[in-house]
Amino acid sequence: MAARSGSNRPLTTTLGPVFQNQNTQMAGKQTLAESGKGMVHRTRNALGDIGNRLTNKGPGAEIGKTNKIGKSTVNGVTTKMVNFAVPTGHAPVIRGKKQLARSNSAILTTNTTALGPTQMKARAVSRSQSVIGREVKPSTAAASSATLVRIEEGFIETKAVEIVTRTATTVAVEQKGSGDTVQNLEVDLLSNAFSLQRFEIEDIDTKDEGEFMLNQYVKDIDDYLFKLEKRYTIRADHLKDHAVNSRMRAVLMDWIVEVHNQFGFCQETLYMAGKNLDRYLQLDLSISRSQLQLAGVTALYIAVKFEEICVPTIVDFSSVSDNAFNPEDIRNMERKMLKTLKYDLAAPIPVPFLRRFSKACKADISIYILGKYIMELSLIDYTLCNIYPSIIAAGSLAVSLMVLNKKPITVVWNSTLIHYSRYTLQDMKPVLILLVNSLSRIYEDNNTRFQAVMNKYARTKFLRISKSPSLQISHWKNRVVAGINKI
């Protein structure tokens, strides 16, 4: 009991001397540092490329040797050189007495002008990395009095020139000639690191505020979607060797649009169902005509479970097909379809692309809804199955602009739209023709069976865009076709 009570001493009593000794040692170190600063020495060099001095003398030099200011003599002219460290992953910085121009921003070449023998102007040539190791010679007749600059792997070699200082826009150069005469040279630093056309592109994300707008990530998301859509391609004429033909597929897709509208599902669900159905049909050639509707119901059922919050029961999907299939048939087809698709359901759809492109062109609500209408009609058209979702969205928006906008499409489809959509009008011309044919076919053929999309967009929710007088064939087709032919 005595030993046990002794072990329960207060912690302050046990650990007190330890803290006291540590404080004494720390105080001793501070006193030593304050009283004898010369006795405290660094035991290692500064971290690699964080300092402002290189530890090598150039490419291939030994590490750990300090590079001092050196002198190089070229044709009797002495040039002082010193190297400074550059952060990893950046182009080397070329320095003179104070600071030289960056090698990845400009190569200095001089041309004589009418300013007189003591002054010359020079232009900066961008993209020096592509011409590293090449001499940039003057193109004027007075080449003998000009300056020759050579850039090679981070070092600059000058003939009869020494760059002294650099300001924000100019570089002061001292040119040494015969008789130690000094001539001043101003060099305009015109950096062409970015194309001038880029200044005409509007940044459509700068005004977005709020954590849910994702303006910090939207460009990365765009890049990912453009890259991802290349993985989920549909072959052109993928039903060629199939028991199912394009007419049957069109009837099925029209019915799926009607069922989708009846349940009130979101827009993404419809496109995902159509995409998964086409992917499955091109992989499984054993689907018979009697199983086609079952495959369509199952594709919609999978998309609903993927996209929707409130999912109807499998009995509802069985009853919507007039009980042609029981729930067990849908489950079996679901397992078969998911196994065929390798459970990979992340294929991009045109919806986010259309929203992004409509934002880029500042489209009003009528242009946006007409673009949605044209884009949804493409689900029925078999000839558009193999087109990427991004170009379907861009083409639908372009046709919408041509129908409702009186300006030529070559004016409306500006550099901002080309930048964000990544398609020019020349790239989209074949798709524009197919989309125009898909839209005009609905209004030219009064006996067509495919009325589901038209009836859907005749609702007030969609501004009754499908019944708009602007969509009468006489109002738009000839004008739009003529505009496409001019591209």
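Relevant structure appears above.
These remarks concern the structure in this document. (Residues numbered from 1 in each chain as written. Predicted model: local features only at pLDDT ≥ 70, side-chain atom pairs only at ≥ 80, totals over all residues. Heavy atoms only, no water.)

Turning to unusual backbone geometry, a few remarks are in order. Backbone geometry places Asp 322, a non-glycine residue, at a positive phi of 60°. Relative to the assigned elements, Asp 322 resides in the loop between α7 (314-320) and α8 (327-340). For Lys 362, which is not a glycine, the phi torsion comes out positive at approximately 55°. By the element assignment, Lys 362 lies in the loop between α9 (350-360) and α10 (365-377). For Lys 362, a relative accessible area of 62% puts it in the exposed group. (Helix = DSSP H or I, 4+ residues; strand = E, 2+ residues; numbered from the N terminus. Buried < 20%, exposed > 50% of the residue type's maximum accessible area, 1.4 Å probe, protein only.)

In this fold, Ile 309 is placed in the loop between α6 (292-307) and α7. For Ile 309, a relative accessible area of 81% puts it in the exposed group. In sequence terms Ile 309 and Phe 265 are 44 residues apart; their C-alpha atoms lie 9.6 Å from each other.

This paragraph deals with a nonpolar patch on the surface. On the surface, Leu 214, Tyr 217 and Ile 221 cluster together to form a nonpolar patch covering roughly 280 Å² of accessible area. Mapped onto the elements of the fold, Ile 221 is located in helix α3 (residues 218-228). For Ile 221, a relative accessible area of 37% gives the class partly exposed. (Patch = residues over 30% accessible without salt bridge, like charges linked within 9 Å, V, L, I, M, F, W, Y side chains within 5 Å. Areas by Shrake-Rupley, 256 points an atom, 1.4 Å probe, with all protein chains shown as cover. Salt bridge = Lys/Arg side-chain N within 4 Å of Asp/Glu carboxyl O.)

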